[in-house]
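# Secondary and tertiary structure notes
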Amino acid sequence: NAVYKTAVQQHNYKIPYPLTDGKRQEIFFPSIDDVRKGVVSIKLNARSDSGLPVLYYIKEGPAYLKGNEIVFTKIPPRAKFPLKITVVAWQYGVKDKVQSAQPVERSFNINDIL
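Source: prediction; values computed, not measured.

Scoring rules and cut-offs
Residues numbered from 1 in each chain as written. Predicted model: local features only at pLDDT ≥ 70, side-chain atom pairs only at ≥ 80, totals over all residues. Heavy atoms only, no water. Buried < 20%, exposed > 50% of the residue type's maximum accessible area, 1.4 Å probe, protein only. Helix = DSSP H or I, 4+ residues; strand = E, 2+ residues; numbered from the N terminus. Pairing = 2+ DSSP bridges. Polar contact = N/O pair within 3.5 Å; in protein donor to acceptor, adjacent residues only side chain to side chain. Contact = heavy atoms within 4.5 Å. Core = buried A, V, L, I, M, F, W, Y, C linked by side-chain atoms within 4.5 Å. Salt bridge = Lys/Arg side-chain N within 4 Å of Asp/Glu carboxyl O.

Our next topic: the pairing of strand E8 (residues 83-90). Taken across its eight residues, E8 has six buried, putting it largely inside the fold. For strand E5 (residues 55-60) and E8, the ladder comprises five bridges, and the chain directions are antiparallel. Among the inter-strand pairings, Leu55 is bridged to a residue of E8, identified as Trp90. The pairing of E8 with strand E9 (residues 104-111) spans seven bridges and is classified as antiparallel. Bridging across to E9, Thr86 finds its partner in Ser107.

Next up on the list: the sheet that holds E8. As summarised here, the arrangement of the four strands in space is E2-E9-E8-E5, forming an open sheet in which the pairing is mixed. Whereas interior strands pair on both sides, the edge strands pair on one side only; in this sheet they are strand E2 (35-36) and E5.

This brings us to the side chain of Gln91. For Gln91, the location among the structural elements is in the loop between E8 and E9. A polar side-chain atom of Gln91 sits 3.0 Å from the main-chain carbonyl oxygen of Pro53. Among the polar contacts made by the side chain of Gln91, one reaches the main-chain amide nitrogen of Gly93 at a distance of 2.6 Å. Beyond its immediate sequence surroundings of up to four residues, Gln91 is in contact with Gln25, Ile27, Ser48, Leu52, Pro53, Val54, Ser100 and Ala101.

Residues Ile27, Phe29, Tyr56, Ile70, Phe72 and Phe108 are the most contacted members of the largest nonpolar core, which totals 20 residues. Looking at this core, the elements with two or more residues in it are strand E7 (69-72), E8 and E9. Among the elements that make up this core, the one with the highest residue count is E8 (four residues). Beyond its immediate stretch of four places on either side in the chain, Phe108 contacts Ile32, Asp33, Asp34, Val35, Ile42, Ile70, Phe72, Leu83, Lys84 and Ile85.

Opposite charge on two side chains permits pairing when their charged atoms draw close. Counted under the stated rule, the structure contains three salt bridges. For Lys37, the salt bridge is made with Asp112, and the minimal N-O distance between the two is 3.6 Å. Here Lys37 is found in the loop between E2 and strand E3 (41-43), whereas its partner Asp112 is found in the segment after E9, with 75 residues between them in sequence. Judged by its relative accessible area of 42%, Lys37 falls in the partly exposed class.

The values are spatial; any link to function lies outside them.
Structure representation (structure tokens):
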């Protein structure tokens, strides 16, 4: 406006990844069975041997995460089955105490019929 000029100020913050000092940890993430079209959601149950909470992200597929649950989105009208979903479990660790865990991927399909 007439009084203030717009400005953009960049900030660069480096987050160390992976954490390599401290106790090692491993993620245990059981395989996920295929689901049929129409299923609304499924629960995820990965765990870390360190006891720290495991987080997830969707790498590919028509879904999003709500906590530890995969919620499937609307399937496009011309989609070809099976539709592949890939989810990744990860745990960052605690600086100087617990190392970052190796991320674990699990893939499964949405099928038209099972």
